[in-house]
Every structure is written in structure tokens, then in C-alpha cells.
Amino acid sequence: MSVVHERTAPRPLTRPPRRTPGPARRATMSGAWPYLLVAPAVLGMLYLLVYPLARAVLISFQDFGLRQLILGDAHFVGFDNYRTLLTDPRFWTVVRRTFLFMAVNVALIMVLSTLVALMIERLGRRWRTAVLSSLVLTWAMPVVAATTVFQWLFHSEFGIVNHVLTGLGFTSFEGYPWLAHGGAAFGILVTLVVWQSVPFAAITLYSALTTVPSELYEAARLDGASGFRIFRSVTLPIVRPIFMLVLSLEVIWTFRAFVQIWVMTRGGPGDATTILPVYAVQTALAQQRYDFGSAASMVTVVLMSGILVVYFRQMFRQEAEL
């Protein structure tokens, strides 16, 4: 008697069913995911921006010199540093010079950049590309490199400016020490800052001009409006938000101009080119009074913030009127 064994198929391996998160858990995960993505950037910003600012605020309320920097036994003195700073006549002279430096630079930058943007808009394709490329290359030049070039341009013995002026018959400029005279040094720094800032402002304003509909220009010309009237009544109202944004950025950048002044003149001759950022560094490094330097920096931040608040309020008011 034979036994027939039936071959049966192997039973498939089965896995336990995966648990899918419920609706509440999925909503929590999807809601937290964007915050997890931006967390590294936020933490980096807090460490690189907020922490130094908070540390500077803390030092401005302490007696913090070279000894305290080494030993770390600083103690609080309240508003004594600010009181000493605000009663210093040199400080208020520096504040007035800072506002003068900012006003001259911002006015020249906005006028020249607006004219350059209007010129680019009217150029042909090739010339427009050439001008925009030149502006980008100028803007990309490092600040220290540009400052060094200007130092050599106005060098008393080897500078090309003195060489050209002497060749044109102005013999009084032979060996003229530009950076040894306060007014000349101030004018050179204004020229340098304007030269470095116009490219960004001009390119940004040109981008805004391209958004103005051409039909508005045609209608204004049919009504007999002049070029200035078209710019004031048609172009400016449309590009005003970008114009105010560029103006605010230029106020910030010129108000805190430090590298150009420090590399070229270190605030000299005398105090002719000393503005608030340079004054803060001079106080902190030369006198080893980091508390006064921090207090000067905080006053600079407050003044700059006040200026920006005024500009933004004006911009929001104009937008509400439109």
C-alpha cells in the first residue's frame, strides 16, 4: 500500500500591518515640518546677529575695560556710560558729521542711480547689456580692493589724479596730499561710497522701471506731458515702493560705513572723517573702553532705527493714499 504525499505550496510570509498615523498626528507632523526646515537658519541668525547685539547691550551697561575683558569681573554701572557719552562734545560733533555724511551720500546715490536707470531704459539691447555688465562688475568689486585703488589714485606722489591735474596745467596739485586735508578726504570718501553704491541702486530701480506699462507713457505723451512731468506723475508713483526700499537700504549702508573710512583715513585727519561707527571702534580700541564703544554702537542703532521708522511710516502713508 503506497502512500501518496500531496505537495502543498509554502505559506506566504505575512507582515503585521503598519500602523498609519491618525489624522491628528499627521496634522501635527505637517504643521511642525516647516518650522523644522527653517530652524537651522533661525538658530544661525540668533547666534550670529541677536547674540552679539545682546552682548553689546549688556557691555554698554557695565564697567568693561581691558581688565574686565581678561579677568571677566565686570560689574553694572547703569546708565553711567550713556551719561558720559551724551555729555561729550566730541560725540555730538561726530553725530552731526555722521548725518551730513549720510545725507550727502544718499542724495547723490539716489539722484545718480535714478538718472542711470532712466538712461539704461532708453538704450538699445547691446548698450544696455554693456552698461548693466559694467555696473555688476563695479558692484562685485570688494570694498577693501576698491578703497585701496582710491588710495593710489589720490596718492600725493604716485597718484594718477595729481599727475593728470599737473599735466593739465594745475601745478599747485603737484605732490598735493589729498588725505591730509579734512575737506578733501571727506570728498574722496563720499566719491568712493557713491561709486560703490550706485550700481546696486541703479540696477534695482531699472528693474522697477521695466514694470511700468508702456501704454501709460504713450497716453501721457499724447496729452503733451513733458519728460519731467511723465516721470513725476506716471513713473514715480508706480516705482515709489521700490524707490523707498532702495532709499532705506542706502541710509543703512551709508550710516554704518566703516571699512572705507577705516582703511583709507582711520577717521583722520583729526576727526574730519570720523562718523559714529569709526568713533565707536576708536573708543573701544584706542582707549580700551569697550563699554563706551558699545554704548556708542547702541546709540548708532537707535538713531538709524529712528530714521528708518520715519521713512517706513511715510511709505505706508503714501501706499494708503494710493
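The rules we used
- Residues numbered from 1 in each chain as written.
- Predicted model: local features only at pLDDT ≥ 70, side-chain atom pairs only at ≥ 80, totals over all residues.
- Heavy atoms only, no water.
- Helix = DSSP H or I, 4+ residues; strand = E, 2+ residues; numbered from the N terminus.
- Buried < 20%, exposed > 50% of the residue type's maximum accessible area, 1.4 Å probe, protein only.
- Contact = heavy atoms within 4.5 Å.
- Areas by Shrake-Rupley, 256 points an atom, 1.4 Å probe, with all protein chains shown as cover.
- Expected span 1.5 Å × (residues − 1).
- Arc of directions from axis to C-beta.
- 1 Å grid on protein atoms, 1.4 Å probe; cavity = no way out; pocket = protein on both sides within 12 Å on 5 of 7 lines; lining within 4 Å.
- Points joined across faces, edges and corners; volume = space filled by probe spheres on them.
- Nonpolar A, V, L, I, M, F, W, Y, C, P; charged D, E, K, R; others polar.
- Axes fitted to C-alpha atoms, helices over the stretch in contact; angles between N-to-C directions.
- Left-handed = near helix turned anticlockwise from the far one by under 90°.

Trainee: Looking at this structure, how should I read the overall build of the protein chain?
Mentor: Looking only at helices and strands, the protein chain has 13 helices and zero strands in total. Written out in order from the N terminus, the α and β elements of the protein chain read α-α-α-α-α-α-α-α-α-α-α-α-α. Counting only residues that meet the buried cut, the protein chain has 34% of its 322 residues in that class. In the protein chain, once contacts between residues fewer than 6 apart in sequence are set aside, the share between residues at least 24 apart is 67%. Carbon and sulfur atoms form 67% of the exposed surface of the protein chain, whose accessible area is close to 20500 Å².

Trainee: Hey, could you run me through helix α5 (residues 125-140) in this one?
Mentor: Every α-helical turn comprises 3.6 residues, leaving residues that sit three or four positions apart pointing alike. Over its 16 residues, α5 extends 22 Å from the first C-alpha to the last, a length consistent with the 22 Å expected when each residue adds 1.5 Å. Listing the buried residues of α5 in full gives Val131, Leu135 and Thr138. Projection of α5 onto a plane perpendicular to its axis shows the buried side chains occupying an angular sector of 65°, all on one side. Facing away from the buried side of α5 by over 90 degrees, the exposed positions are Arg125, Arg126, Leu137 and Ala140. On its buried face, α5 sits against α4 (89-122) and α8 (182-209).

Trainee: Explanation requested: the side chain of serine 294 in the structure shown.
Mentor: Locating serine 294 in the fold gives a position in helix α13 (residues 290-321). Owing to a relative accessible area of 10%, serine 294 belongs among the buried residues under this scheme.

Trainee: So what exactly am I meant to see when it comes to the layout of surface pockets here?
Mentor: To find leftover empty space, one rolls a probe the size of a water molecule over the atoms. As a volume, the largest pocket reaches approximately 570 Å³. As for the largest pocket, its lining consists of 18 residues, and the residues nearest its centre are Leu53, Ala56, Ser297, Met298 and Val301. Contributions of two or more residues to the lining of the largest pocket are made by α1 (23-60), α12 (276-286) and α13. In terms of lining, the second largest pocket is formed by 15 residues, of which the most central are Val143, Gln196, Ser197, Trp253 and Gln260. Top contributing element to the lining of the second largest pocket by residue count: α8, with four residues. Residue composition of the lining of the second largest pocket, grouped by class: 10 nonpolar, four polar and one charged.

Trainee: Can you walk me through the packing of α4 against α5 in this structure?
Mentor: Helix packing geometry: the angle between the two helix axes and the distance between the axes. Running from amino to carboxyl end, α4 crosses α5 at an angle of 150°, the nearest separation of the two axes being 9 Å. Seen from above, α4 lies across α5 with left-handed handedness. Listed contacts from α5 to Val116, Met119, Ile120 and Glu121 of α4 are Arg128, Val131, Leu132 and Leu135. Its residues assigned to classes, the contact of α4 with α5 shows six nonpolar, no polar and two charged.

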